[in-house]
Amino acid sequence: PPEESMGTLGSEEPATGPEEPVAVKATGKGKSSSKKRSGRPGARGVAASNPSNGNTVSWLPRLDHTRSKPVFFGLGMLGLMVLPLMMFVLHGVWTASEAYSSPSVVMSSRNPDGSRGYIDDYREAYYWLRQNTAEDSTVLSWWDYGYQIAGFSNRTTIVDNNTWNNTHIGMVGRVLNSPEDRAFTMCTKLDVDYVLIIFGGLIGYSGDDVNKFLWPVRISRSVDPSVREMDYLTPRGGFSVGEDAGPAFRESLLYKLAYYRFLDQNQAGPGRRGFDRTRNAPIIQTPVQLHYFEEAFTSKSWLVRLYRVRRRSNRGSRTLKT
């Protein structure tokens, strides 16, 4: 009857949404049963139904935003770790392009307006040496430039970059740190025609022979134990090219060859002649005089200076190009 039907319908529980099958392990051996869980809000998943037969076929998991926070945090930390590595690679590429990719005898520099300039003094000096000296000439220099002189100028050197002979290097060091007259005597015994030095005081080049001077002093002790490093230092134990320079240093051949004519070349204002830009100090204001060596060539930037060894009148003549 209609009344009974209405009562039956009224007694049914309202639908709460699609039900979720949940597998439940039965107490019996090898048996299992299933229960159904309603799709209430807050459930961990939503059942998907097959529209053809209405059966539940799979679960679609809901996205839990609370679990994505550690992922974003990890990605941020990874980015912070990768960024320094990328910066290191970029810095390495820039350093290689600016410094290591330049030829060793042609140095790159920056002009006052920011443009790139080039210091070509090495090649210039080696070319002059090849074209204006006798083929059997012998050049004395510190060992750093031996291979370059032999390769570019095709001239004999006393020492080169093959530093196995420490005695020869010590002898060259003793020539450079000796007074001019004693250095001349040693040069004649070694049959040296030219002395080449590197000087960066005019352009501010820090890799010159003046900054290396203490190494020739120390190594020369292997051939002359009377050499004392303190004689080349200031009273306070420092190294200076000014008025407080060590007495042995200001009388050394290297000092005279480096600063010959330098007082008239570089002016740093009234009363400050001969300002050394590398050492950031004015040199001794007494002009340098040479008696046994004469200037043969000085490069454009004064980076390479070449001096001819004078010959004694009783030694015989040896033709040199001038």
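This one's a predicted model, so the numbers in the text were calculated from it and none came from an experiment.

**Description of the confidence of the model for the chain**
Consideration 1: A residue-level look at the chain finds 71% of positions with pLDDT of 70 or above and a mean pLDDT of 80.
Consideration 2: Counting contacts from residues 20–43, a segment whose pLDDT is below 50, to residues more than four positions away or on other chains yields 34 contacts.
Consideration 3: Counted against residues more than four places away or in other chains, residues 317–322, with its pLDDT under 50, gives 16 contacts.

**What about the packing of aromatic side chains?**
Consideration 1: What the rule picks out here adds up to 16 aromatic pairs.
Consideration 2: Ring centres 5.2 Å apart and planes at 20 degrees place the aromatic pair Trp-128 and Phe-297 in the stacked group. Taken together, the positions of Trp-128 in helix 3 (residues 121–132) and Phe-297 in strand 12 (residues 293–298) put the pair 169 residues apart, joining distant regions of the chain.
Consideration 3: Take Phe-297: its relative accessible area is 12%, and that puts it in the buried class.
Consideration 4: Plain terms: the ring middles of Phe-213 and Phe-249 are 4.9 Å apart, the flat faces sit at 55 degrees to each other, and that makes the pair tilted. Of the two residues, Phe-213 sits in the loop between strand 9 (194–198) and helix 7 (214–219) while Phe-249 sits in helix 8 (residues 247–250), which places them 36 residues apart along the sequence.
Consideration 5: Residue classification places Phe-213 among the buried positions, given a relative accessible area of 0%.
Consideration 6: For Phe-249, a relative accessible area of 1% puts it in the buried group.
Consideration 7: Aromatic ring contacts, followed pair by pair, group Phe-199, Phe-213, Tyr-232, Phe-239, Phe-249, Tyr-255, Tyr-259, Phe-262 and Trp-302 into a single cluster.
Consideration 8: A cation over a ring is seen here: Arg-305 above Trp-302, with NZ or CZ 4.1 Å from the ring centre.

**A few points about the side chain of Ser-137**
Consideration 1: Tracing the chain through its elements places Ser-137 in the loop between helix 3 and strand 7 (138–140).
Consideration 2: Classification of Ser-137 as buried rests on a relative accessible area of 0%.
Consideration 3: Engagement of the side chain of Ser-137 in a polar contact is seen with the backbone oxygen of Ala-134, the distance being 2.8 Å.

**Some words on helix 5 (residues 166–176)**
Consideration 1: Residues Ile-169, Gly-170, Val-172, Gly-173, Arg-174, Val-175 and Leu-176 constitute the buried set of helix 5.
Consideration 2: As for helix 5, its buried residues are in contact with strand 7, helix 6 (180–189), helix 7 and helix 9 (253–259).
Consideration 3: Its side-chain oxygen placed 3.2 Å from the backbone nitrogen of Thr-167, Asn-165 serves as the N-cap of helix 5.

**Considerations on the pairing of strand 9**
Consideration 1: Within strand 9, five of the five residues are buried, which leaves it mostly tucked inside the rest of the structure.
Consideration 2: Burial along strand 9 is two-sided: Tyr-194, Leu-196 and Ile-198 and Val-195 and Ile-197, pointing in opposite directions, are all buried.
Consideration 3: One ladder, built from two bridges, connects strand 7 with strand 9; its direction is parallel. Counterpart to Val-139 in the pairing with strand 9 is Tyr-194.
Consideration 4: Strand direction decides the pairing type here: strand 9 and strand 13 (residues 304–309), joined by five bridges, are antiparallel.

**Topic: the packing of helix 3 against helix 4 (residues 146–153)**
Consideration 1: Packing of helix 3 against helix 4 brings their axes to within 9 Å, and their N-to-C directions diverge by 55 degrees. Considering their axes alone, helix 3 and helix 4 lie oblique with respect to each other. Along this stretch, helix 3 crosses helix 4, giving a crossing that reads as right-handed. Counted together, Tyr-122, Tyr-126, Leu-129 and Arg-130 of helix 3 and Gln-148, Ile-149, Gly-151, Phe-152 and Ser-153 of helix 4 form the full contact between these two elements.
Consideration 2: Among the residues making up the contact of helix 3 with helix 4, the classes are represented as five nonpolar, three polar and one charged.

**Some thoughts on the nonpolar core**
Consideration 1: Counting 60 residues, the largest nonpolar core has Tyr-122, Val-195, Leu-196, Tyr-259 and Phe-293 as its most contacted members.
Consideration 2: Take this core: its biggest share by element is six residues, from helix 9.
Consideration 3: Those residues in contact with Tyr-122, other than ones at most four positions away along the chain, are Val-105, Met-107, Tyr-145, Gln-148, Ile-198, Tyr-205, Leu-303 and Val-304.

**Section: the pairing of strand 6 (residues 116–119)**
Consideration 1: A one-sided burial pattern is seen for strand 6, the buried positions being Gly-117 and Ile-119 and the unburied ones Arg-116 and Tyr-118.
Consideration 2: Pairing geometry for strand 5 (residues 107–110) and strand 6, over four bridges, is antiparallel. Note on strand 6: the bridge partner recorded for Arg-110 is Arg-116.
Consideration 3: The turn linking strand 5 back onto strand 6 is made up of five residues, and Gly-114 within it adopts a positive phi angle of 95 degrees.

Rules used in this analysis
Residues numbered from 1 in each chain as written. Predicted model: local features only at pLDDT ≥ 70, side-chain atom pairs only at ≥ 80, totals over all residues. Heavy atoms only, no water. pLDDT = per-residue confidence, 0-100. Contact = heavy atoms within 4.5 Å. Phe/Tyr/Trp six-rings, centres within 6.5 Å; stacked < 30°, edge-to-face > 60°. Helix = DSSP H or I, 4+ residues; strand = E, 2+ residues; numbered from the N terminus. Buried < 20%, exposed > 50% of the residue type's maximum accessible area, 1.4 Å probe, protein only. Lys NZ or Arg CZ within 6 Å of the ring centre and 35° of its normal. Polar contact = N/O pair within 3.5 Å; in protein donor to acceptor, adjacent residues only side chain to side chain. Pairing = 2+ DSSP bridges. Axes fitted to C-alpha atoms, helices over the stretch in contact; angles between N-to-C directions. Parallel < 35°, antiparallel > 145°, perpendicular 65-115°, else oblique. Left-handed = near helix turned anticlockwise from the far one by under 90°. Nonpolar A, V, L, I, M, F, W, Y, C, P; charged D, E, K, R; others polar. Core = buried A, V, L, I, M, F, W, Y, C linked by side-chain atoms within 4.5 Å.

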